[in-house]
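Summary of the model geometry
One-letter residues, chain by chain:
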Amino acid sequence: MFKNIVIVGTGYVGIPVAVMFANKGFNVVGINRTKEKIDLINKGICPIEGDEPNLPELLEKVIKEKKLTATTDYSVCKTADAILICVETPFDSDKWEPKYDSLKSALKSVGENMSKGALVIVESTIAPTTMDTLVKPILENTSKMKAGVDFLLGNCPERVMPGKLLYNIENLSRVCGGINKETQDRMLELYANIVKGELYPTDCLTAEVVKTTENAYRDVEIAFANEVALICEKLGINVYEVRELVNKAPYRNMHLPGAGVGGHCLPKDSLLLSYGVKGIMTPELMILSRNLNKQMPIHTAELVINAFKENGMDVKSKKIAVCGFAYLENSDDTRNTPAMGVIETLKAKGAKVVVHDPFVKNYPGVEINKDFEKTIEGADALVFVTAHNDYKALNLDKLKKLMKTPIIVDGRNIFNKEKVNEKGFIYKGVGKG
Ligand SMILES: NC(=O)c1ccc[n+]([C@@H]2O[C@H](COP(=O)([O-])OP(=O)(O)OC[C@H]3O[C@@H](n4cnc5c(N)ncnc54)[C@H](O)[C@@H]3O)[C@@H](O)[C@H]2O)c1
């Protein structure tokens, strides 16, 4: 029977997981190294902004009921039946290796504090073989216990995404990779408390490969859609119409193209998967796809530059308003946001760039404005990078009055080209020739 659960790393993954277990009556403690995040959680305030249905309310409820508390102190692991590690696992593209500093330090602290019989689960996304070559040795060395004998060890990768954090945990199926049958059985028992979807027991390596593959697959699919978008631009047609008609053919499900791929996961998980076979094989398709997706923000900025050029103007010194800084619509998540690539490319050409986002509070080195009308007043072009709902409801006549030069560049198919042209705008969109 599980009673006490510790969640290490209270971010986009750790917070909803902690809240869901607490809401089912478990005594949950969330550990974070950042005191500010701990303080917010203990006050019943959800540190995740953006549209996250039911999460702030449920967090407030479980804090009031004292089923969830947060701390920086790992000694709470001593009485934990289950310890779930949800820290970030980025990838260093220069060194071509995962950045496991957070994971290593979390494992060390867990190992030093956990007790015999604990079930330790890594929920973070990790490169294939990491459970065996990094997680197990650190835990065994620091705890002086043996995995599979004194404690149980598993990998249960997350399938959440911002905007659907609680929904995905509750409803999607999960892969429960355990080092032995007992671990797998205990994992199924634990997750059945919060997951309505199927739970599939397997070994740790398979779980690692499943997680990195599902995201690498999506990145490759998006890259394909982006390549077709570039083709359509050259041919002078609309990729979104093409996509709709392609998807009428049986077994076709072409993805959406756009201004770029961001977030903590997609830009790195194909790299983690590739890293898993470092020295024995060099995957090509997923790396080509990654590089193509990385080019899309630059391409979006080039659409802005070309909109000026083709109309006898220069982007230099022009006021360009970047609309949307989060990587995902209706979210505050700015990790690896494509907006940065758009901004940097435009600034390098001498443009005066201003940025608006209704959800993002701050970002190092970038001033994020909340007042849309003030931000776009006197702008020479608007470039839409994120499809926030606010942008879909914009009044084009009002926009035109506020802007100095009526140029719209649409990275997310927010506007209908013909309608925008009718209103007298110069319009360019990713995939719209
Ligand atoms: N965000 C998603 O949508 C998503 C989806 C599926 C999988 N994942 C995976 O889940 C993992 C976590 O992602 P996230 O988005 O929640 O990251 P995050 O950055 O939002 O949260 C991680 C938290 O861990 C804390 N932390 C780091 N090291 C710590 C330590 N040693 N001790 C205590 N706290 C520590 C950080 O302060 C941070 O608050 C990653 O591996 C990611 O790839 C994320």
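Residues numbered from 1 in each chain as written. Predicted model: local features only at pLDDT ≥ 70, side-chain atom pairs only at ≥ 80, totals over all residues. Heavy atoms only, no water.

What follows covers the packing of helix 11 (residues 285–310) against helix 12 (residues 338–348). Close contact between helix 11 and helix 12 brings their axes to 8 Å; oriented N to C, the two are set at 40 degrees. Relative to helix 12, the element helix 11 is oriented oblique. Here helix 11 runs over helix 12; the crossing is right-handed. The residues of helix 12 that touch helix 11, namely those facing Pro 297, Ile 298, Thr 300, Ala 301, Val 304 and Ile 305, are Pro 338, Gly 341, Val 342, Thr 345 and Leu 346. When grouped by side-chain class, the residues that make up the contact of helix 11 with helix 12 number 8 nonpolar, 3 polar and no charged. (Axes fitted to C-alpha atoms, helices over the stretch in contact; angles between N-to-C directions. Helix = DSSP H or I, 4+ residues; strand = E, 2+ residues; numbered from the N terminus. Parallel < 35°, antiparallel > 145°, perpendicular 65-115°, else oblique. Left-handed = near helix turned anticlockwise from the far one by under 90°. Contact = heavy atoms within 4.5 Å. Nonpolar A, V, L, I, M, F, W, Y, C, P; charged D, E, K, R; others polar.)

A few words now on the domain arrangement of the protein chain. Structurally, the protein chain comprises domain 1 (4–202) and domain 2 (239–429). If you average the C-alpha positions of domain 1 and of domain 2, the two centres end up 33 Å apart. At the boundary of domain 1 and domain 2, one finds 1 salt bridge. For Lys 361, the salt bridge identified is with Glu 49, shortest N-O distance 2.5 Å. Split into classes, the residues belonging to the side of domain 1 that touches domain 2 amount to 12 nonpolar, 5 polar and 4 charged. (Domains from an automatic or database assignment. Salt bridge = Lys/Arg side-chain N within 4 Å of Asp/Glu carboxyl O.)

One full turn of an α-helix is made of 3.6 residues, so residues set three or four places apart face in the same direction. Every buried residue belonging to helix 3 (residues 55–64) is among Leu 55, Leu 58, Leu 59, Val 62 and Ile 63, and all of these are buried. In a view along the axis of helix 3, the buried residues occupy a sector of 135 degrees, so they form one face of it. Against helix 1 (14–23), helix 2 (35–42), strand 3 (68–71) and helix 6 (165–171) lie the buried residues of helix 3. Following helix 3 by one or two positions, Lys 66 has its phi on the positive side, about 65 degrees. (Buried < 20%, exposed > 50% of the residue type's maximum accessible area, 1.4 Å probe, protein only. Arc of directions from axis to C-beta.)

Taken together, 30 residues sit near the ligand, with Val 13, Asn 32, Tyr 74, Thr 89 and Lys 268 positioned nearest. In the environment of the ligand, an oxygen atom lies 2.8 Å from a nitrogen or oxygen atom belonging to the side chain of Asn 32. One of the side-chain nitrogen or oxygen atoms of Glu 88 is found 3.4 Å away from an oxygen atom of the ligand. For the ligand, the protein covers 94% of the area, taking 830 Å² as the surface of the free molecule. At 3 residues, the largest contribution of residues to the shell around the ligand is made by helix 4 (residues 101–113). Here the residues of the shell around the ligand sort into 12 nonpolar, 11 polar and 7 charged. Mapped onto the domain boundaries, the shell around the ligand takes at least three residues apiece from domain 1 (4–202) and domain 2 (239–429). (Near = heavy atom within 4 Å. Polar contact = N/O pair within 3.5 Å; in protein donor to acceptor, adjacent residues only side chain to side chain. Areas by Shrake-Rupley, 256 points an atom, 1.4 Å probe, with all protein chains shown as cover.)

Across residues other than glycine, the phi torsion is negative in most instances, and most of the peptide bonds are trans. Residues other than glycine seldom take positive phi values, yet Trp 96 does so here, at roughly 55 degrees. Structurally, the position occupied by Trp 96 is in the loop between strand 5 (91–92) and strand 6 (97–98). On the basis of relative accessibility, which here comes to 30%, the residue Trp 96 falls in the partly exposed class. Positive phi outside glycine occurs at Thr 129, with the angle close to 85 degrees.

With that settled, the discussion passes to the state of the cysteines. This structure, assessed with the given rule, holds 0 disulfides. With no disulfide of its own, Cys 176 lies closest to Cys 156 among cysteine sulfurs, the gap being 4.2 Å. (Disulfide = S-S within 2.5 Å.)

A few words now on the nonpolar core. With 43 residues, the main nonpolar core has Ile 5, Phe 21, Val 28, Leu 68, Leu 84, Leu 190 and Tyr 191 as its most contacted residues. Ranked by the residues each element gives to this core, the list is headed by helix 1, at 7 residues. With residues near it in sequence (within four places) discarded, Leu 84 still touches Ile 5, Val 6, Ile 7, Val 8, Val 17, Phe 21, Ile 121, Glu 123, Leu 190 and Tyr 191. Ala 229, Ala 259, Ile 320 and Ala 326 belong to the second largest nonpolar core, which has 39 residues in total. (Core = buried A, V, L, I, M, F, W, Y, C linked by side-chain atoms within 4.5 Å.)

With respect to the helices, strands and loops of the structure, Glu 302 is situated in helix 11. A residue is classified by how much of its surface remains accessible, and Glu 302, at 36% relative accessible area, is partly exposed. Between the alpha carbons of Glu 302 and Ala 379 there is a distance of 17 Å; along the sequence they are 77 residues apart.

Within the structure shown, the criterion is met by 1 cavity of 30 Å³ or more. As a volume, the largest cavity reaches approximately 30 Å³. Lining the largest cavity are Thr 10, Ile 15, Ala 18, Val 19, Gly 30, Ile 41, Leu 59 and Leu 68. For the lining of the largest cavity, the element with the highest residue contribution is helix 1, accounting for 3 residues. In terms of residue class, the lining of the largest cavity is made up of 6 nonpolar, 2 polar and no charged. (1 Å grid on protein atoms, 1.4 Å probe; cavity = no way out; pocket = protein on both sides within 12 Å on 5 of 7 lines; lining within 4 Å. Points joined across faces, edges and corners; volume = space filled by probe spheres on them.)

A surface patch of nonpolar side chains, about 290 Å² in accessible area, is lined by Ile 231, Leu 235 and Ile 237. By secondary structure assignment, the location of Leu 235 is in helix 8 (residues 204–235). (Patch = residues over 30% accessible without salt bridge, like charges linked within 9 Å, V, L, I, M, F, W, Y side chains within 5 Å.)

Glancing now at the packing of aromatic side chains. A full pass over the atoms with the stated rule returns 8 aromatic pairs. Relative to Trp 96, the ring of Phe 91 lies with its centre 5.2 Å away and its plane at 80 degrees, an arrangement referred to as edge-to-face. Judged by its relative accessible area of 10%, Phe 91 is buried. Seen in terms of ring centroids, Phe 372 and Tyr 391 are 5.8 Å apart; in terms of plane orientation they differ by 45 degrees. Their pairing is tilted. With a gap of 19 residues between them, Phe 372 in helix 13 (residues 372–376) and Tyr 391 in helix 14 (residues 389–392) connect regions that are remote in the sequence. Considered together, Phe 372 and Tyr 391 belong to a single accessibility category, that of buried residues. (Phe/Tyr/Trp six-rings, centres within 6.5 Å; stacked < 30°, edge-to-face > 60°.)

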